[in-house]
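Coordinate analysis (summary)
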Amino acid sequence: MKKTYLLRIKVMIVNDEDVIRDYLKGVLKSAGIHVLEAKDGYEAVKLFEEQKDTIDMVILDMIMPGKKGDEVLRDLRNIKRDVKIIISSGFMTDRQKESLKSYHIDGFLDKPYTARVLLKTIRDLAGAQ
């Protein structure tokens, strides 16, 4: 894999699966990205409220126990409208993706995705800031 340049941004990962959070954290940190992580929707909203001024981007899983991804998405947008949000899911139809457009989704990562696709998505969005 081609060496990636460092991105001086902070990304919050929201995913209930430890293995996925660990994978994302490893890939992002290797690119010099500062990472925050939340294991569920409740923790994500609390953490985001506390650090909203320093978080540049969120990678949000849609299928989680407890507070669902669409609820978290709505809460994050109410807290900070202009944060970049990438939806990560393996179970979304085109119709479901279309229904989320009213929340101004900045990107989608369809599971499974590679480190290269993840970093390209983030670089593209960071460049658009």
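The notes below deal with the structure included here. (Residues numbered from 1 in each chain as written. Predicted model: local features only at pLDDT ≥ 70, side-chain atom pairs only at ≥ 80, totals over all residues. Heavy atoms only, no water.)

1. Some words on unusual backbone geometry
Omega for the bond connecting Lys 111 with Pro 112 falls within 30 degrees of zero, at -5°, which places this linkage in the cis form. Topologically, Pro 112 is positioned in the loop between strand 5 (107-110) and helix 5 (115-127). (Helix = DSSP H or I, 4+ residues; strand = E, 2+ residues; numbered from the N terminus.)

2. Structural notes on the pattern of salt bridges
For the structure shown, the criterion picks out 10 salt bridges. Ionic pairing is found between Lys 67 and Asp 75, a salt bridge with its closest N-O pair at 2.9 Å. A single burial state applies to Lys 67 and to Asp 75, both of which are buried. Each of Asp 18, Arg 21, Asp 22, Lys 25 and Glu 37 takes part in salt bridges that share partners, so that together they form one network. (Salt bridge = Lys/Arg side-chain N within 4 Å of Asp/Glu carboxyl O. Buried < 20%, exposed > 50% of the residue type's maximum accessible area, 1.4 Å probe, protein only.)

3. Brief notes about the pairing of strand 2 (residues 34-38)
Direction of pairing for strand 1 (residues 10-14) relative to strand 2: parallel, over a ladder of five bridges. Within strand 2, the residue paired with Lys 10 across the bridge is His 34. Read as a crossover between parallel neighbours, the route from strand 1 over helix 1 (residues 18-30) to strand 2 is right-handed. (Pairing = 2+ DSSP bridges. Right-handed = clockwise from strand over helix to strand, strands pointing away.)

4. Comments concerning the side chain of Lys 67
Position of Lys 67 among the secondary structure elements: in the loop between strand 3 (57-61) and helix 3 (69-79). Owing to a relative accessible area of 15%, Lys 67 belongs among the buried residues under this scheme. Polar contacts involving the side chain of Lys 67 include one to the side chain of Asp 75, which spans 2.9 Å. With near-sequence residues (within four places) excluded, Lys 67 lies in contact with Gly 41, Tyr 42, Val 45, Val 72 and Asp 75. (Polar contact = N/O pair within 3.5 Å; in protein donor to acceptor, adjacent residues only side chain to side chain. Contact = heavy atoms within 4.5 Å.)

5. A word on the packing of helix 1 against helix 5
In the contact formed by helix 1 and helix 5, the axes pass within 10 Å of each other and the chain directions differ by 60°. Classified by the interaxial angle, the pair formed by helix 1 and helix 5 is oblique. Viewed along their axes, helix 1 and helix 5 form a crossing whose handedness is right-handed. For the pair formed by helix 1 and helix 5, the contact residues are Tyr 23, Leu 24, Val 27 and Leu 28 on the first element and Ala 115, Leu 118, Leu 119 and Ile 122 on the second. (Axes fitted to C-alpha atoms, helices over the stretch in contact; angles between N-to-C directions. Parallel < 35°, antiparallel > 145°, perpendicular 65-115°, else oblique. Left-handed = near helix turned anticlockwise from the far one by under 90°.)

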